[in-house]
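Breakdown of the fold
The chain contents come next:
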Amino acid sequence: MSMEPAPTTPGDLTRHIARLDECAGRRNRIEYLVGGGAMVLLLATGAVGLASSQDTPAMITAIGSLILAGGLAVALSRLNRHAAAEHRRPPVTDAKRALIGRLRRERDLLRSVWSWYIGPMLPGFVLIWGGLIAGGSVGAALVGSLITIVAIAWIANANRRAAAGFDRQIRELAPSSR
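Described below are features of the structure shown in this document.

This part takes up a nonpolar patch on the surface. Side chains of Leu50, Met59, Ile63 and Ile67 sit close together on the surface and give an oily, nonpolar patch of about 280 Å² of accessible area. No other element matches the 3 residues that helix H2 (residues 56-88) contributes to the nonpolar patch.

Applying the stated criterion across every chain, the model contains 9 salt bridges. Across the pair Arg15 and Asp12 runs a salt bridge, and its minimum N-O distance is 2.6 Å. Note that Arg15 and Asp12 are positioned in helix H1 (residues 10-52) at a spacing of 3 residues, about one turn of the helix.

A word on the packing of aromatic side chains. Per the counting criterion, the structure on display carries 1 aromatic pair. Centroid distance Trp116 to Tyr117: 5.4 Å. Interplanar angle 70°. Geometry classified as edge-to-face. When sorted by exposure, Trp116 lands in the same class as Tyr117, which is buried. Taking NZ or CZ as reference, Arg78 lies 5.9 Å from the ring centre of Trp116, over its face.

Once that is clear, we can look at helix H5 (residues 122-134). Across its 13 residues, H5 extends 18 Å between first and last C-alpha, which sits within 8% of the 18 Å expected from 1.5 Å per residue. Restricting attention to buried positions, one finds in H5 the residues Gly124, Phe125, Ile128, Trp129 and Gly131. Take H5 and look down its axis: the buried residues cluster within an arc of 155°, on one side only. In this fold, the buried residues of H5 make contact with H2 and helix H6 (138-173). Positive phi appears at Gly136, one or two residues downstream of H5, with a value of about 95°.

One can describe the packing of H5 onto H6 by two numbers: an axis separation of 7 Å at closest approach and a directional angle of 160°. Taken together, the axis directions place H5 and H6 in an arrangement best described as roughly antiparallel. Note on packing geometry: the crossing formed by H5 with H6 is left-handed. Contacts from Leu122, Phe125, Trp129, Leu132 and Ile133 in H5 reach Val138, Ala140, Ala141, Gly144, Ser145, Thr148 and Ile152 in H6. When the residues that make up the contact of H5 with H6 are grouped by side-chain class, the tally is 9 nonpolar, 3 polar and no charged.

Considering soluble globular proteins, one finds that nonpolar side chains tend to be buried as a cluster. Within the largest apolar cluster, 20 residues are counted, with the highest numbers of intra-cluster contacts made by Leu68, Trp116, Tyr117, Ile118 and Met121. For this core, the elements supplying multiple residues, two or more each, are H1, H2, helix H4 (113-118), H5 and H6. Here this core gets 6 residues from one element, more than from any other, and that element is H2. With sequence-adjacent residues up to four places away left out, Tyr117 is seen in contact with Glu31, Ala75 and Ile155. Residues Leu13, Leu20, Ala98 and Ile170 belong to the second largest nonpolar core, which totals 14 residues.

With 33 residues, H2 extends 47 Å from end C-alpha to end C-alpha; this agrees with the ideal 48 Å at 1.5 Å per step. The opening residue of H2, the one whose side-chain oxygen lies 3.3 Å from the backbone nitrogen of Ala58, is Asp55.

Rules used throughout
Here the residue numbering is sequential within each chain, running from 1 through the sequence in written order. Note on the predicted model: pLDDT of at least 70 is required for a residue's local features to be given, and 80 or more for side-chain atom pairs to be given and counted; whole-chain, interface and lining totals, by contrast, use all residues. Values reported for side chains reflect all heavy atoms of the structure, with hydrogen atoms and water molecules removed beforehand. Patches in this entry comprise residues that are over 30% relatively accessible and not in a salt bridge; like charges within 9 Å are linked, as are nonpolar side chains (Val, Leu, Ile, Met, Phe, Trp, Tyr) within 5 Å. Each accessible area is a Shrake-Rupley result for a 1.4 Å probe, and residues are judged covered by the shown protein chains and nothing else. We count a salt bridge whenever a side-chain nitrogen from Lys or Arg sits within 4 Å of a carboxyl oxygen from Asp or Glu. Think of it this way: any DSSP run of H or I at least four residues long counts as a helix, any run of E at least two long counts as a strand, and we number them from the N terminus. Each aromatic pair joins two rings of Phe, Tyr and Trp (for Trp, the six-membered one) with centres within 6.5 Å, and gets the label stacked for planes under 30 degrees apart, edge-to-face for over 60, and tilted for any other angle. Relative accessibility under 20% of the residue-type maximum defines a buried residue, over 50% an exposed one, and the middle range a partly exposed one, all with a 1.4 Å probe and only protein chains included. Criterion for a charge above a ring: Arg CZ or Lys NZ at most 6 Å from the ring centre, at most 35 degrees from the ring normal. The span you would expect from a helix comes to 1.5 Å times its residue count less one. Each direction from the helix axis to a C-beta atom contributes to the arc, which is the arc of those directions. The contact criterion used throughout is that any non-hydrogen atoms of two residues lie within 4.5 Å. For helices, the fitted line uses only the C-alpha atoms of the stretch in contact; every axis is such a line through C-alpha atoms, and the angle between N-to-C directions lies from 0 to 180 degrees. Small angles under 35 degrees read as roughly parallel and large ones over 145 as roughly antiparallel, with 65 to 115 read as roughly perpendicular and the rest as oblique. Left-handed is the label given to a crossing in which the near helix is rotated counterclockwise from the far helix by less than a right angle, and right-handed is the label when the rotation is clockwise. Residues are grouped as follows: nonpolar covers Ala, Val, Leu, Ile, Met, Phe, Trp, Tyr, Cys and Pro; charged covers Asp, Glu, Lys and Arg; every other residue, Gly included, is treated as polar. We call a set of buried Ala, Val, Leu, Ile, Met, Phe, Trp, Tyr and Cys residues a nonpolar core when their side-chain atoms join them within 4.5 Å. The definition of a polar contact used here is a pair of N or O atoms within 3.5 Å, where within protein one atom must be able to donate a hydrogen and the other to accept one, and adjacent residues in sequence count solely through side-chain atom pairs.

Interpretation note: all reported values are geometric properties and have no functional meaning in isolation.
Structure, rendered in structure tokens:
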């Protein structure tokens, strides 16, 4: 969401909440689409790899694909629980309090990205790259792990910056609040 002056009127606050809902909904749809597609691909790759593997390194890589798919499932499930909880919240009569609460929940979700999003996928990545190394594909493992590290760093930084933006909005709405 763009940095604009803090909403002050009840109508502005309500519109801000609606835009936040829109933004979070769009983020979730993209995550479900990309994550779900990747999960299906990883499950298929892992299943085919296990069924056809003749050696231990290939089995390790296939198991890593299955575990990575499981990590994606955990992340998408956590995102879905967060979204569902937002929809179950009773309406708040004080729009400012409602907005501050929503911003805090989004900020906290983004701050904890290591525990619910990145963390569950790390074991799968480690097994995939380890299986490639054990199979003699050191170059492919190094390139893949470098791409993974860069992607994780980008995800963590993007979430940290977004959480800081929510913190700024919270401070503007309630200077004594964090």
